[in-house]
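Okay, here's what each chain looks like letter by letter:
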Amino acid sequence: MEILYPAILEPQSGGGFCVRFVDFDEAFTEGETVEEAQFNAIDVLTLTLEGRLEEGLPIPEPTPELADAVYIAPDARTQSALLIRRARGERSLADIARVLQTTWPAAERLEDPRHWPSLRQLDRAAAALGKRLVLRFE
């Protein structure tokens, strides 16, 4: 399971690139080069997802296989919080806390994009949710 959202990079007449996310009207940025625009897009996507999580707003599934789009991942903290939330599905946080043998606030922090969970916590949470933790460098 990956969290990758499509972004459209549009060259601007005065130079640089505008980036807009297909799934979030409020998420857009720019950059002088493609690399800078994509780097800025990571920050914008991360802030958009954090804001939606904090405000309890819905987070849409990424639009799959959109032609001419680049797929952007949020930062690791936000991605882990979303992955745990999606894997948890309808299970309550109290249930997850019981399985992990921890407190409800500790289980809740796993879905907080401002919290840095340890690899051990992520591995245990993945196992409790019937998943496997896989790491990858890009």
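To be clear, the structure that these remarks concern was listed above.
Everything numeric here is computed off the predicted structure, so don't read it as measured data.

Undergrad: Requested: an account of unusual backbone geometry, with residues and values cited.
TA: A positive phi is found at E65, a non-glycine position, where the angle reads about 45°. Following the sequence through the fold, E65 ends up in the loop between α1 (34-55) and β4 (70-72). In this structure E65 comes out as exposed when scored by relative accessible area, which is 80%. Unlike most non-glycine residues, D68 shows phi in positive territory, near 65°. Structurally, D68 is set in the loop between α1 and β4. For D68, a relative accessible area of 75% corresponds to the exposed category.

Undergrad: Describe the pattern of salt bridges, naming the residues involved and giving the relevant values.
TA: Evaluated as defined, the whole model comprises ten salt bridges. E2 is paired through a salt bridge with R136; the nearest N and O atoms lie 2.4 Å apart. Here E2 is found in the segment before β1 (5-11), whereas its partner R136 is found in the segment after α5 (119-128), with 134 residues between them in sequence. Connected via shared salt-bridge partners are E54, D112 and R114.

Undergrad: Quick rundown of the sheet that holds β4? Include the residues and the values.
TA: The four strands lie next to each other as β3-β2-β1-β4, forming an open sheet whose pairing is antiparallel. Strands with a single pairing partner mark the edges of an open sheet, and in this sheet they are β3 (28-31) and β4. Here the average twist between neighbouring strands, direction ignored, is 35°. With four bridges connecting them, strand β2 (residues 17-21) and β3 associate as antiparallel partners. Within β3, the residue paired with C18 across the bridge is E30. α1 contacts β1, β2, β3 and β4 of the sheet and is inclined by roughly 155° relative to β3.

Parameters at a glance
- Residues numbered from 1 in each chain as written.
- Predicted model: local features only at pLDDT ≥ 70, side-chain atom pairs only at ≥ 80, totals over all residues.
- Heavy atoms only, no water.
- Helix = DSSP H or I, 4+ residues; strand = E, 2+ residues; numbered from the N terminus.
- Buried < 20%, exposed > 50% of the residue type's maximum accessible area, 1.4 Å probe, protein only.
- Salt bridge = Lys/Arg side-chain N within 4 Å of Asp/Glu carboxyl O.
- Pairing = 2+ DSSP bridges.
- Axes fitted to C-alpha atoms, helices over the stretch in contact; angles between N-to-C directions.
- Contact = heavy atoms within 4.5 Å.

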